[in-house]
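Structural overview for review
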Amino acid sequence: MSNYPTYLLDRAKITDAHTLAVAQKHGAYEALRKVLKEGISYAEVIRVVKDSGLRGRGGAGFSTGMKWSFMPDPVTDPRPRYLAINADESEPGTCKDRVLMEQDPHGFLEGCLLSAYAIRAKVIYIYVRGEYRAPYNRVLAAIAQARAAGLIGKKILGSDFDCEVWMHKGAGAYICGEETGLMESLEGKRGHPRPKPPFPAAFGLWGQPTTVNNVETVFNAPFIVLRGAEWFKSMGTKTSTGNLLVGVSGHVNRPGVYELPFGVSCREILEDVCGGVWKQRKLKGFLPGGSSTGVLTAAFIDTPMEHDAIKQTGSMLGTAAMIVMDETACMVRAHEIIARFYEHESCGQCSQCREGTQWLHQIFHRIEHGKGRMEDIDMLVTLSRGMAPAKTICALSDAAAIPTLAAVQHFRGEFEDHVKQACCPFLPAGTKRPVFAGAH
Ligand SMILES: Cc1cc2nc3c(=O)[nH]c(=O)nc-3n(C[C@H](O)[C@H](O)[C@H](O)COP(=O)(O)O)c2cc1C
Ligand code: SF4
């Protein structure tokens, strides 16, 4: 097992760390206390976070300090402002925010409060995936404990900082994890993403300045404030700093959520951390960052898990949710399942996405079920090129198209075998794939 310095999951491993007493004994709220007692300005908090190089952990990897600095100056723009925490975590393969909320809810709340302080928000909304009952209950209980201890509410720790925290449960729609869909949903409307610009910092919740941040992103903030930008930059790579939570699922011996510095190789994650491919089989391919990142072949296993290196392969780091597939996996079947997910989750506002996701699913389905034609393979490519990049209101269309393009690029032979043999070559003789309800 690799031995790197850790901080994100340290408290989570302590028994009863979800209670305020234990969490505080192990350092929770120290950074908030320091900022408020020493009168460290919001500008200084933004500066140190910017200098640290922290990038959003929700998938896009945008600079957090930069995002915070986009919030307007309250002197010239005195409108109310909000921090919305994205705890929707619905990307297939991703399950890291859940661990932080469930195991260290006070560390998470401290991150929320410090982030709100930096952008001068007095209200925080935490938007939690509807199915996340345990994390929801843990954070709700932590809010009550923190409020009773004067850590949430008016004049926090005797300072001039007022901040309220509210939680909101989603209803199971992936699209409500897209930041503008999330805001629409919080406002009580359908989770339909908004065209951008205007961006949330100018026109967010109820038209007011808003910052949307992922759970793991804000979780990093107290550590950076306490230990400094240089400490943070001592982990990871030049452009991807700090540690990140890597969630590994699929055909591995030890799936799980692991804390690692950016830049460790995918091989190290697979072999050293997760004990290798299960059942002594060979690696066929892997999705490095969740279902919306393009599949890579085993030849890419030495790629460092960090933004730039993964981008060079043509894929994306996404949420660092590595999905591993062994030699028995059928890439057509895997992508049929992915396409079905995006078809189901498209909100339907953009024709490229609404129609494109349906067609992708339909074509994958017929190739997998022995009714494909050779021209279908190029049709998948043509369709995907019509859906991405950045052709629609939000990136869900890209999320469906990009994995399709990667699958055809890296595994075309497998698609052709399906067509030639008029069946899935990976199915044991005499068996049939189950057909999903609603499949074409
Ligand atoms: C379809 C779609 C779903 C998304 N789902 C999530 C999600 O569940 N959690 C999340 O943090 N970000 C999600 N995002 C990214 C958010 O839009 C946004 O970039 C992120 O919350 C910003 O936080 P960060 O800067 O801290 O990473 C999604 C984006 C898209 C296009
Ligand atoms: S890209 Fe898809 S999910 Fe996003 S707004 Fe358009 S139709 Fe809706």
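Residues numbered from 1 in each chain as written. Chains lettered and ligands numbered in written order. Predicted model: local features only at pLDDT ≥ 70, side-chain atom pairs only at ≥ 80, totals over all residues.

This brings us to the nonpolar core. If you look at the biggest cluster of nonpolar residues, it comprises 129 residues, and the most contacted ones within it are Ala84, Ile85 and Cys112. Sequence-distant contacts of Ile85, defined by excluding residues within four places in its chain, comprise Cys112, Ile124, Tyr125, Ile126, Tyr127, Asn213, Val215 and Val218. (Core = buried A, V, L, I, M, F, W, Y, C linked by C-beta atoms within 7 Å. Buried ≥ 20, exposed ≤ 12 C-beta atoms within 10 Å, placed from the backbone. Contact = placed C-beta atoms within 7 Å.)

A word on the sheet that holds strand 5 (residues 243-250). One open sheet holds the five strands; their spatial order is 6-5-9-7-8, and the pairing between them is mixed. The open sheet is flanked by strand 6 (256-261) and strand 8 (296-297), the only strands paired with a single partner. Where strand 7 (residues 283-287) and strand 8 come together, two bridges link them in antiparallel fashion. Of the residues in strand 8, the one forming a bridge with Gly285 is Thr297. (Pairing = 2+ DSSP bridges. Helix = DSSP H or I, 4+ residues; strand = E, 2+ residues; numbered from the N terminus.)

Residues in close proximity to ligand 1 total 25 residues, the closest being Gly56, Gly58, Gly177, Asn214 and Thr217. Secondary-structure elements contributing two or more residues to the shell around ligand 1 are strand 4 (210-214) and helix 16 (396-421). For the shell around ligand 1, the element with the highest residue contribution is strand 4, accounting for three residues. Considered class by class, the residues forming the shell around ligand 1 number nine nonpolar, nine polar and seven charged. A domain split of the shell around ligand 1 shows at least three residues from each of domain 1 (11-233) and domain 3 (331-421). (Near = placed C-beta within 6 Å. Nonpolar A, V, L, I, M, F, W, Y, C, P; charged D, E, K, R; others polar. Domains from an automatic or database assignment.)

Cys347, Cys350, Cys353, Thr392 and Cys394 are the nearest of the 14 residues found near ligand 2. If you list the elements that add at least two residues to the shell around ligand 2, you get helix 14 (351-368) and helix 16. Tallied by class, residues from the shell around ligand 2 come to eight nonpolar, five polar and one charged.

Below, the discussion takes up the pairing of strand 1 (residues 82-87). With respect to burial, strand 1 is a largely interior element, six of its six residues being buried. Neither face of strand 1 is exposed, since Tyr82, Ala84 and Asn86 on one face and Leu83, Ile85 and Ala87 on the opposite face are all buried. Bridge count for strand 1 against strand 2 (residues 123-128) is six bridges, and the pairing is parallel. Paired with Leu83 across the two strands is Ile124, which belongs to strand 2.

Here the focus is the environment of Tyr174. Inspection of the secondary structure assignment puts Tyr174 in the loop between strand 3 (164-169) and helix 8 (179-186). For Tyr174, a count of 25 C-beta atoms within 10 Å puts it in the buried group. Residues in contact with Tyr174, not counting those within four places in the same chain, are Ser90 and Glu345.

With that settled, the discussion passes to the packing of helix 14 against helix 15 (residues 374-387). Orientation of helix 14 relative to helix 15, taken along the N-to-C sense of each, is 160°, at an axis distance of 10 Å. It follows from the interaxial angle that helix 14 and helix 15 lie roughly antiparallel. For helix 14 against helix 15, the interelement crossing comes out left-handed. Within the contact between the two elements, helix 14 uses Gln352, Cys353, Gly356, Trp359, Leu360, Ile363, Arg366 and Ile367 and helix 15 uses Asp376, Met379, Leu380, Leu383, Gly386 and Met387. Counted by class, the contact of helix 14 with helix 15 contains nine nonpolar, three polar and two charged residues. (Axes fitted to C-alpha atoms, helices over the stretch in contact; angles between N-to-C directions. Parallel < 35°, antiparallel > 145°, perpendicular 65-115°, else oblique. Left-handed = near helix turned anticlockwise from the far one by under 90°.)

Our focus in this paragraph is the sheet that holds strand 4. Read across the sheet, four strands follow the order 3-2-1-4 without closing on themselves; strand pairing throughout is parallel. In this open sheet, the two strands that pair with only one neighbour each are strand 3 and strand 4. Each strand of the sheet is rotated relative to its neighbour by a mean of 20°, with strand direction disregarded. In the packing of helix 6 (residues 105-119) onto the sheet, contacts are made with strand 1, strand 2, strand 3 and strand 4, and the angle to strand 1 comes to roughly 145°.

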